[in-house]
Structures are given as C-alpha cells and as structure tokens.
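Structural description and commentary
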Amino acid sequence: MNLLAAPALILLAAAAVLVALATMRRGPKRRDVGTLLIWQRIAEQAQAQKRSRRNFDWLLWLLLGALIAGGIGAARPAWLKPSAQPRVAVFIERLQPGADEPGLEDAIERARKLAPDSELTFYLAGADELEEAGELKSLRPGAIQAELAQFAARSRDADGRVLLLCAPVNGATDLGVVVSRVNTASEGAVFEIRPEGDRVIVRETTPDRVQIFDARILSSRKDGRVRTWECKPVVDDVEVQLIGSDERIFKLKRRPFVIGVGEDWQGDAHGALYEALGADSADGGEPSAWLGNRDRTPAVRINLGARTDLSGAQLSYDPGHLLFHELPIESFDWLGEGRLLAPDESARPLVSAMRDGERLGDLVRLKAGGVLEFAGDPFTHAPVAAAALLLDNALGVVTGERPSERARYEPVGDWRLPSERAALAEPFEPQGELDLSTRNESEPLEFTTWLTLAAALLVLAATALLLRRE
C-alpha cells in the first residue's frame, strides 16, 4: 500500500481539535444556588423524561469518522504492483514510403521472438499511410535521428525497447537492443531519380541493374556500393528501368517552360537573354511568366519610371532578397538612366533612391500578383553575364523557381523510392541487450473514491442525527 499524497494526512490533526472542542466545558464547575432552584430543576427533569434524550456521543463519533475517512482519502492511498507483462516498445525503420511496407510481418514476428511473453507496441514513421496499420503507432517521417527522438519520447514509459534498423546508428544502443531490419542484403535497387535542370540523376546500389532509355549518358561513377548516373534526355519522355525478377519502370516527362515576350522586350540584348533561357516556343502552352508585357501577369516589366533628376542620390536595397542572389550589384548603373518610380504603398520596394535620408522613389519594386517593375532597363546596359543572372533571379521572384534551378523533367505517376539507408541495408549482428529486470509499475489502484464516499455518508448521517434532535 502506498500513499500518493502523504502530506494530506496533516488533515487528521483536525480530529484532535474536534475532540478537544467536544469535551471542552464552559462556565464554573461549582455554583451556589437556593433550594427553590433545585426543586424547579427536579420538576423540569421529570418533564424532560417524556421527551427523547439527546446523545452527543454518536454525533461526535460520526464527525470523527468522516474526518478520518476524508483525510486518509485525500492522501490517495493506492495499491501498486508490477504489470503482469513487461511492456516493450519496438521501432521499425521503414524500407520505403507509401501504403505498402515490405517485410513488415517478418519484422513484427522477429520482435515478438526477441521479447516473448511481453506486451509489444510498434512504432513506424508514417504508419497511418499503411493500408493495414492495425495497432501500429505512427511517427512523423524524417531523418533517422529525428524519428528515433520521437520514438524515445513516445516510449518513455516502456520497460524495454527493440529497434529494427537498416544500419547501426550512433547512440541507438542507449535506447535498447538494436537488430538488423533485413535478413538479406539488397541485390540492387534504385533509391534516387532526381531531375536537375535539363539532366536526370539516377542513383542505384550495385550490382548495376539500371537501363536508361531515350537519354544520353554523360557520366557514370561508383562510390562503394553506390553508382551514380548522369544523363541528358534527348526526347520528351524518359524511362528508367530496373531489370530483375520484379521489373520496375520509372517514367519522366518534360515540363513545358514557356516565357512570353511583350512589346517592351524587343532589343537585341533582350533577344539574346531570352535565347539563353532555353524556353520552349509559345505553342507549348500558357507562359509561366512574361517579359516586357504591361498587361499580363506574372511579369517582369521595364522602362516604367518617369525621367527624374537623381544627382546626389544614393541606393538603398535589401542584399538578402532573392533578386540579388549572387548578383554583382556594382555592375548595374541603377541611377544613370534617370528613371524613377513614384512611391507606391501597395508595392514592396527592392531598390530605392535616397537623398539626405529621404526616399525619392523606387528603381525596382515588387507588386501583388507576381509583378516585378523596373524603372529603367538594367538588362540592356549591364554586362551580359550580370544581366543574365539578374533575369534568372527576376524570373525566380515572380514564378517562385529560378530557370537555372528549374527541373525540366518530372515523374509520371506516384512512384516512391526507398531511402538510401534502406537500399544499402544488410544484416548485422545485434547490438545491446534487452533488460527487463527492472520494470515500471502499472497504473495504481486508488481507494480515494471509496474513502471519500464513506466520509460523505458519515457527514449525511451526522446531519440526519442533528435534524432528528430538533
């Protein structure tokens, strides 16, 4: 028997106070009276015998019982005992994302053999995506260290832990016993297909089992068990095929990249910069953005400023903005054109002209709807390399994706690949031990409710006794 709130026993000190008050006598112990008063008291006692006789002893005992029961109940007496079965938390590292997890039943069975006669709770990242999640507890998918941190927090009340990992992780044995997630090493798997600009990067584990169709292989390098292919598609559709018993084909298609041209984007320098973008023809679909168009959005607009005397003016800009990413700002004569945009509270100024601490107007500003306005035309007068970088950044501002970083291909369908850890997983010897010698106690069986009920009944009985005597 345990007391979960032992300091509450201080309430029992009130019992001594109650007894002292009940036994306390008021007035003198001796009083001199006349004989007439004595005969009157005898007559009153004769009449009082016809009425019920009051008994203060029962009232005292009822109140004492209620006080004692309530005081002990407030101390929360409880019976604690070890749980019938050890509670073991099991972490299973995912081999691939999605609604299907290969080898899950085998992993669960192996965990049961490691902790027989135990109550097991299983944790997986993204378990709620599985078609048959059952009693599996879901963790947020992320890096293996982040998943293990979640597992440690969620399983802090467990008596022991078992971790089925694709490969050992530093510090994992501090949580529990670590065993291999797989029984056999993979015979070759593709774990990454990444479009990068106009190229496609494919990474696989050896032995080589990949065939890439409709693309020109630019390079192939091997690092340990990982081979990396870099290829450049020659058609709009590309296929990456994994040859083996369960053949898989991954398809990619070209993403249209259309940039519209308006009436303000007609000079020779403008044409050269447009060609450098490598954009598709306008027949490829709706433009992702417009250059030099004053009506369509999103757009990069130029020559919108009014002629202004900017002598003695200074530049003010935010170097951390995407528009100035790796941009040699000194290569542009922002003030030399003598054009300025009037201040507009609805727009965000990116480059402003200042004189004596006062803002004269804007040289570049960003408006709602993805509209980037230039007071002049910095693309024509700047060096070609700097102008190309400015245009790349400007299109990144209005579309959210710089053309130089834009992937020209995208996957067809919702195919998901295993992680690199899963692709390189191979059996290893168990690490650590499962120690269940010290177990956490189960939920306590408290008696507070019953003692409180008894105290309430005693108080009701004392109240009924007082009402009966009235």
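Structural notes, computed from the coordinates. (Residues numbered from 1 in each chain as written. Predicted model: local features only at pLDDT ≥ 70, side-chain atom pairs only at ≥ 80, totals over all residues. Heavy atoms only, no water.)

Here the focus is the packing of aromatic side chains. On inspection of all chains with the given rule, the structure shows 6 aromatic pairs. Between Phe91 and Phe151, the ring centres sit 5.5 Å apart and the planes meet at 50°, which makes this aromatic pair tilted. Of this pair, Phe91 sits in strand E3 (residues 87–92) while Phe151 sits in helix H5 (residues 144–154); the two residues are 60 residues apart in sequence, bridging distant segments of the chain. In this structure, Phe91 and Phe151 share a single accessibility class: buried. Ring centres 5.3 Å apart and planes at 35° place the aromatic pair Phe332 and Trp334 in the tilted group. Through successive ring pairs, a cluster of aromatic residues spans Phe91, Tyr123 and Phe151. (Phe/Tyr/Trp six-rings, centres within 6.5 Å; stacked < 30°, edge-to-face > 60°. Helix = DSSP H or I, 4+ residues; strand = E, 2+ residues; numbered from the N terminus. Buried < 20%, exposed > 50% of the residue type's maximum accessible area, 1.4 Å probe, protein only.)

Our next topic: the sheet that holds strand E17 (residues 299–301). Read across the sheet, 7 strands follow the order E15-E16-E17-E23-E22-E21-E19 without closing on themselves; strand pairing throughout is mixed. Of all the strands in the sheet, the pair left with one neighbour each is strand E15 (259–261) and strand E19 (314–317). Taking the axes of each pair of neighbouring strands and ignoring which way they run, one obtains an average angle of 25° across the sheet. In this structure, strand E22 (residues 358–367) lies alongside strand E23 (residues 371–374), joined through 4 bridges in antiparallel fashion. Pairing of Leu366 across the sheet is with Leu372, part of E23. (Pairing = 2+ DSSP bridges. Axes fitted to C-alpha atoms, helices over the stretch in contact; angles between N-to-C directions.)

To continue, consider the pattern of salt bridges. Inspection of every chain in the model, using the stated rule, returns 22 salt bridges. The salt bridge involving Arg194 is made with Glu196; its shortest N-O contact spans 3.1 Å. Through salt bridges with shared partners, one network takes in Glu192, Arg194, Glu196, Arg203 and Glu420. (Salt bridge = Lys/Arg side-chain N within 4 Å of Asp/Glu carboxyl O.)

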